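Summary of structural features
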Amino acid sequence: MEFRQGCVLWLLLLLWAQADEVPGRCLVQDLNWDRVAQGDSLVPGYCEGVDLSWTKIGDRRIRELSQELAIGCDEHNCLLPISYLDLSRTNMGDRGLRAVGDLMRRNPPIEELRLDSNFISNEGIRIFFSELKTNNNLRIIKLAANHIDDRAVVAEMIPTGMTRHEAREADPTLMAGLSLSDALSENCCLADIDLSWNKVGDKGARSLLRVVLAQNVLTRLRLVGNQHKKNSKNGRIKEETKVAIEEALHANQLRNKRIQERREADASMGIFVPFGGENAAKARERAEREADRAGILSAFRWEMPLEPGPEL
């Protein structure tokens, strides 16, 4: 009886996995692992995404994959148009993550990167974050259930007049790489970050809150299940910090929605300039004058002010 139930459960899981497959997304059996040494391409050209979750392939295979995806990548183009990369539960450590960081520094077209449930430490993730400064394609990153705490999240206090390198030479306790807060301050495009089930405390959450309030890109931030084990009473993320983060993220979502609506309206009127700034304002005024002369001014009215919204 138990054997029959196990077979039924296995069949249901198999059917669920097949139903969840996405066209153009390659799995581990689609990659040419055995023919790489012969000079063949590891990733087939038809792949639009690579899903290696639950495969436990380890750092060596991840380095091979990262090197393959990095071939031909520059600031604007890549030979393989991979937009999705799932390396969750692959037994990845810091060595494998360093290879992925080298790939992301080349600015590949990857928009979503999943690194959940691996063996990523503070040292490894800080080196990885430092590689995201020049990346303007990555939108979503999943880092749930790793070994990340406040040391990889809190922004560092660099003395005035000193570079980060000089500060590390003066204070050997400073860790290499960048914290997540510092990386977000320099990155233009990350909008969705999952840090659930790590060891981020209230200090790290408040550091991320300051980043969310300072820039308008980040719209989703998951911190569920985080708690410092060394100091569970004071390390737990406070309720007021959670509420403040939720309100700031919601404000960013509304602002970005209004910006997108204005951009679409600008495009419909032939205004193809970057949003914000003097050029956009002059272009909009010129379009309004032309529309006014044509008698169609009521077709577009700008309800959102040019100035940023009030701080929370």
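Residues numbered from 1 in each chain as written. Predicted model: local features only at pLDDT ≥ 70, side-chain atom pairs only at ≥ 80, totals over all residues. Heavy atoms only, no water.

A look at the state of the cysteines
Condition: The definition used for a disulfide is geometric: two cysteine sulfur atoms within 2.5 Å. Here a strand is any run of E in DSSP of at least two residues, a helix any run of H or I of at least four, and the numbering for each starts at the N terminus.
Across all of its chains, the model carries one disulfide by this definition. Each sulfur of the disulfide joining C26 and C47 lies 1.7 Å from the other. Judged by the sign of its S-S torsion, about -95 degrees, the cystine formed by C26 and C47 is left-handed. Taken as a pair, C26 in strand β1 (residues 25–26) and C47 in the loop between β1 and β2 (49–51) lie far apart in primary sequence, 21 residues in all.

Side note on the pattern of salt bridges
Put simply, the rule reads: One side-chain nitrogen of Lys or Arg within 4 Å of one carboxyl oxygen of Asp or Glu is enough to make a salt bridge. Think of it in three bands: with a 1.4 Å probe and only protein chains considered, a residue is buried below 20% of the maximum accessible area for its type, exposed above 50%, and partly exposed in between.
Counted under the stated rule, the structure contains 11 salt bridges. With a shortest N-O distance of 2.5 Å, R126 and E156 are connected by a salt bridge. Of this pair, R126 sits in helix α4 (residues 122–130) while E156 sits in the loop between β5 (140–142) and α5 (164–170); the two residues are 30 residues apart in sequence, bridging distant segments of the chain. Looking at E156, the relative accessible area reads 15%, which means it is buried. When the shortest N-O distance is used, the salt bridge between D192 and R222 registers 2.8 Å. Note that D192 is positioned in strand β6 (residues 192–194) and R222 in strand β7 (residues 220–222), a separation of 30 residues in sequence.

Thoughts on the nonpolar core
What counts is decided by this rule: The term nonpolar core refers to a set of buried residues drawn from Ala, Val, Leu, Ile, Met, Phe, Trp, Tyr and Cys, joined through side-chain atoms within 4.5 Å. It only takes one pair of heavy atoms within 4.5 Å for two residues to be counted as in contact.
If you look at the biggest cluster of nonpolar residues, it comprises 56 residues, and the most contacted ones within it are V43 and F128. Of all elements in the fold, only α2 (58–70), α3 (94–105), α4, α6 (180–186), α7 (202–214) and α9 (239–268) reach the threshold of two or more residues within this core. Sequence-distant contacts of F128, defined by excluding residues within four places in its chain, comprise L97, V100, G101, M104, L113, L115 and I141.

Things to note about unusual backbone geometry
A negative phi angle characterises most non-glycine residues, just as the trans form characterises most peptide bonds. A positive phi angle, close to 55 degrees, is found at R89, a residue other than glycine. The topology assignment puts R89 in the loop between β3 (84–86) and α3.

Topic: the packing of α2 against α3
Selection rule: Whenever a helix is involved, its axis is fitted only over the stretch in contact; in every case the axis is a line through C-alpha atoms, and angles between N-to-C directions fall within 0 to 180 degrees. Relative orientations are named as follows: roughly parallel for angles under 35 degrees, roughly antiparallel for angles over 145 degrees, roughly perpendicular for angles from 65 to 115 degrees, and oblique for any other angle. Polar here means any residue other than Ala, Val, Leu, Ile, Met, Phe, Trp, Tyr, Cys and Pro, which are nonpolar, and Asp, Glu, Lys and Arg, which are charged; Gly is therefore polar.
For the pair α2 and α3, the least separation of the axes is 8 Å and the interaxial angle reads 5 degrees. In this view, α2 runs roughly parallel relative to α3, as classed from their interaxial angle. In this structure, α2 uses D59, I62, R63, S66, L69 and A70 to contact α3, whose residues at the interface are R95, G96, A99, V100 and L103. Residues belonging to the contact of α2 with α3 are distributed by class as follows: six nonpolar, two polar and three charged.

Regarding the packing of aromatic side chains
Put simply, the rule is: What counts as a ring pair is set by centres within 6.5 Å for rings of Phe, Tyr and Trp (its six-membered ring), and what kind of pair is set by the plane angle: stacked under 30 degrees, edge-to-face over 60, tilted for all other angles. A ring has a charge above it when a Lys NZ or an Arg CZ is no more than 6 Å from the ring centre and no more than 35 degrees off the ring normal.
Applying the stated criterion to the full structure yields one aromatic pair. The side chain of R25 reaches across the aromatic face of Y84, ending 3.5 Å from its centre.

Quick notes on the environment of R61
Within the element layout of this structure, R61 appears in helix α2. In this structure, the C-alpha to C-alpha distance between R61 and T90, residues 29 residues apart in sequence, is 9.6 Å.

Quick notes on the packing of α3 against α4
Two numbers describe how α3 lies on α4: the axes approach to 8 Å, and their chain directions differ by 5 degrees. As the angle between them shows, α3 and α4 are arranged roughly parallel. Residues D94, L97, R98, V100, G101 and M104 of α3 lie in contact with α4, whose contacting residues are G124, I125, I127 and F128.

Concerning the confidence of the model for the protein chain
To keep it simple, the criterion reads: The predictor's confidence in any single residue is recorded as pLDDT, a number from 0 to 100.
Looking at the protein chain as a whole, the pLDDT averages 79, with 69% of positions reaching at least 70. Ignoring residues within four places in sequence, the model shows residues 296–312, a span with pLDDT below 50, making 28 contacts including any to other chains.

Description of the sheet that holds β6
To keep things clear, this is the line we draw: Think of it this way: DSSP has to see at least two bridges between two strands before they count as a pair.
Spatial strand order, β1-β2-β3-β4-β5-β6-β7: seven strands in an open sheet with parallel pairing. If you trace the sheet from one side to the other, it starts and ends with β1 and β7, each paired once. Two strands pair when backbone bridges link them, and β1 and β2 are joined in this way by two bridges, in the parallel orientation. The residue bridging C26 from the neighbouring strand is V50, located in β2.

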